Amino acid sequence: MIDSQLYERFGLTAPVIGFAQKELEELRPRFDAIDENAEAAQLRVIDAMQQARVDAACFASTNGYGYDDVGRDKLEKVYAHLFGTDDALVRPQITCGTHALSLALHAVLRPGDELISPVGQPYETLKSVIGIKEARNSLAEYGVSYKQIELKDDFSFDYDAIRESITEKTRMMTIQRSKGYQVRPSFSARQIGELIAFIKDIDPSIICMVDNCYGEFVEDVEPSHLGADLTVGSLIKNPGGGLAPLGGYIAGRGDLIEQCAYMLTSPGLGKEVGASLSVLPAFYQGLFLAPTVTASALKGAIFAASVYEDLGFDVLPGKYDERHDIIQAVTLGSAERVIAFCRGIQAGAPVDAYVTPEPWDMPGYDCQVIMAAGAFVSGSSIELSADAPIREPYAVYFQGGLTWPHAKLGIMKSLQQLVDERLVEVHE
Ligand SMILES: *Cc1c(COP(=O)(O)O)cnc(C)c1O
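Residues numbered from 1 in each chain as written. Predicted model: local features only at pLDDT ≥ 70, side-chain atom pairs only at ≥ 80, totals over all residues. Heavy atoms only, no water.

Below, the discussion takes up empty space enclosed by the protein. All chains considered together, the criterion is met by 1 cavity of 30 Å³ or more. Approximately 40 Å³ is the volume attributed to the largest cavity. In this structure, the largest cavity is lined by S117, V119, P122, L126, T174, I175, Q176 and D211. Per element, the largest residue contribution to the lining of the largest cavity is 3 residues, and it comes from strand 4 (residues 170-176). (1 Å grid on protein atoms, 1.4 Å probe; cavity = no way out; pocket = protein on both sides within 12 Å on 5 of 7 lines; lining within 4 Å. Points joined across faces, edges and corners; volume = space filled by probe spheres on them. Helix = DSSP H or I, 4+ residues; strand = E, 2+ residues; numbered from the N terminus.)

Rendered as structure tokens:
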């Protein structure tokens, strides 16, 4: 055990340090299982890099059209191998996860087609993409209709309603793995695989896309191994390993990846253009680190669940629940507690630790939102971060942590802040 004086330097008091230590003793077996999963994932990443014959030439900077960008082409082979797909598109020209999802949807769907979400409402930013929220250039504006099948009360798939919703217009399904900022469990890759098998059994031509954000490397398989035609995510989350400064990926069936490439650059040019400038070393090295970085974030999420569940708060997932993504929700029950939690996370950051987060009127939200992040990459949520809408039930969403010791410090600081403001009592 490390000298607690090191923690005292960060304003942590003996009761908080002692409480955290006791929680951790109980978590050791779970942490061992996470390390084992990370070990297997690390081997898969190394294997994919070896198979693609990654070498120093891959790290060169390119410019202009980017013809013969060897590093870019090999990285896409690495992703395809890792995700078990024909092909992949992994590029800095894909600006973020929302862009990658929007790209895949716009590339595949045609006027008159229908898109169905069989897992309830999609992530907030996709509402404008689909046209659930009115927006120019939404799928709705291009004549693509949309239906949404709610989950059952126990959060399972409503198979009967899904079967009934499918018509000859149904071209594509969008399936979100992570709960995002909703109150529902995240789905395992295997649950998603079962859902896809059910859909394909009804109509094998329906294209199943999985929004894989926050799920990469958490389990021993990805949705792409279990029938997903397109698997999509952000590089400033898990697969970027904290080093990717931007980007998104789409892994999937060859013909569909070609359509995505035509949409991203232009018909005819597709994957042949798109210089990587100088981001490739970060994309490769970030992917290499991603399994252990994701493991650190998972440990942080479980530690937070454990600490706050034992203090009597509602947490989702619970401390003993299986994990399918890196997000941890903690319902703190009051605005003061949510604000204190976020201030504690901020105070433990390597960057911007002197900043005090305040609730603000964020565009697109109908209430104030508070965010804590002291990140090397702006907005990166594989880095330790927390955010919360200031409204009932006063839940904070916590995620990330490039290293486990940093995640641990952040969570201890959140608790210390709550204790200092007399919003929570800790008994050793
Ligand atoms: C983060 C996220 C997105 C969007 O990714 P951005 O990179 O923020 O645009 C989409 N879906 C889910 C489930 C996410 O968690």
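What follows is about unusual backbone geometry. The step from L316 to P317 runs through a cis peptide bond, and the omega angle for that step is -5°. The topology assignment puts P317 in the loop between strand 8 (314-316) and strand 9 (328-331). Put simply, E392 and P393 share a cis peptide bond, and its omega is 0°. Within the fold, P393 resides in the loop between strand 11 (385-389) and strand 12 (395-399).

Turning our eyes to something else, we now look at the pairing of strand 11. Within strand 11, 5 of the 5 residues are buried, which leaves the element mostly enclosed by the surrounding structure. Side-chain alternation along strand 11 places S385, D387 and P389 on one buried face and A386 and A388 on a second face that is also buried. Pairing of strand 10 (residues 369-373) with strand 11, which is carried by 5 bridges, proceeds in the antiparallel orientation. Note on strand 11: the bridge partner recorded for I370 is A388. The turn linking strand 11 back onto strand 12 is made up of 5 residues, and Y394 within it adopts a positive phi angle of 60°. (Buried < 20%, exposed > 50% of the residue type's maximum accessible area, 1.4 Å probe, protein only. Pairing = 2+ DSSP bridges.)

Now for the site of the ligand. Taken together, the residues surrounding the ligand are C96, G97, T98, L101, Y123, Q176, D211, C213, Y214, S234 and K237. Measuring from an oxygen atom of the ligand, one finds a side-chain N or O atom of T98 at 2.6 Å. At 2.6 Å from a nitrogen atom of the ligand is found a side-chain nitrogen or oxygen belonging to D211. Burial of the ligand by the surrounding chains reaches 90%, relative to a free accessible area of 380 Å². When residues of the shell around the ligand are assigned to their parent elements, the largest contribution, 3 residues, is made by helix 4 (residues 97-108). (Near = heavy atom within 4 Å. Polar contact = N/O pair within 3.5 Å; in protein donor to acceptor, adjacent residues only side chain to side chain. Areas by Shrake-Rupley, 256 points an atom, 1.4 Å probe, with all protein chains shown as cover.)

Evaluation of the coordinates by the stated rule reveals 13 aromatic pairs. By the ring-pair criterion, three or more aromatic residues cluster together here, those being F157, Y159, F187 and F198. One residue, K237, lies across the ring of Y214, its end atom 4.1 Å from the ring centre. (Phe/Tyr/Trp six-rings, centres within 6.5 Å; stacked < 30°, edge-to-face > 60°. Lys NZ or Arg CZ within 6 Å of the ring centre and 35° of its normal.)

The antiparallel open sheet is built from 5 strands, whose spatial order is 8-9-12-11-10. In this open sheet, the two strands that pair with only one neighbour each are strand 8 and strand 10. Averaged over all neighbouring strand pairs, the angle between strand axes comes to 15°, with direction disregarded. Pairing between strand 8 and strand 9: 3 bridges, direction antiparallel. Paired with D314 across the bridge in strand 9 is T331. Strand contacts of helix 10 (residues 335-347): strand 10, strand 11 and strand 12, with the helix running at about 20° to strand 10, the strand carrying the most contacts. (Axes fitted to C-alpha atoms, helices over the stretch in contact; angles between N-to-C directions. Contact = heavy atoms within 4.5 Å.)

This part is about the packing of helix 2 (residues 14-51) against helix 11 (residues 404-420). How two helices pack is summed up by the angle between their axes together with the distance between the axes. Direction vectors running N to C along helix 2 and helix 11 enclose 140°, while the axes themselves pass 11 Å from each other. Comparing their axes, helix 11 and helix 2 come out oblique. Crossing hand, helix 2 versus helix 11: right-handed. Side by side, helix 2 and helix 11 meet where V16, I17, F19, A20, Q21, L24 and F31 of the first sit next to W404, K408, M412, L415, Q416 and V419 of the second. Tallied by class, the residues present in the contact of helix 2 with helix 11 amount to 10 nonpolar, 2 polar and 1 charged. (Parallel < 35°, antiparallel > 145°, perpendicular 65-115°, else oblique. Left-handed = near helix turned anticlockwise from the far one by under 90°. Nonpolar A, V, L, I, M, F, W, Y, C, P; charged D, E, K, R; others polar.)

In a regular helix each residue adds 1.5 Å, so 17 residues correspond to 24 Å; helix 11 covers 24 Å between its end C-alpha atoms and thus fits that length. Regarding helix 11, its N-cap is T403, as a side-chain oxygen of that residue lies 3.2 Å from the backbone nitrogen of H406 further along. Note on helix 11: the residue one or two positions beyond its end, R422, has a positive phi of about 55°. (Expected span 1.5 Å × (residues − 1).)

To continue, consider the packing of helix 10 against helix 11. It is the contact of helix 10 with helix 11, at a shortest axis distance of 7 Å, that shows an interaxial angle of 135°. Judged by the inter-axis angle, helix 10 sits oblique to helix 11. Note that helix 10 runs across helix 11; the crossing there is right-handed. From helix 10, R337, A340, F341, R343, G344, I345 and A347 reach across to helix 11, where they touch G410, I411, K413, S414, Q417 and L418.

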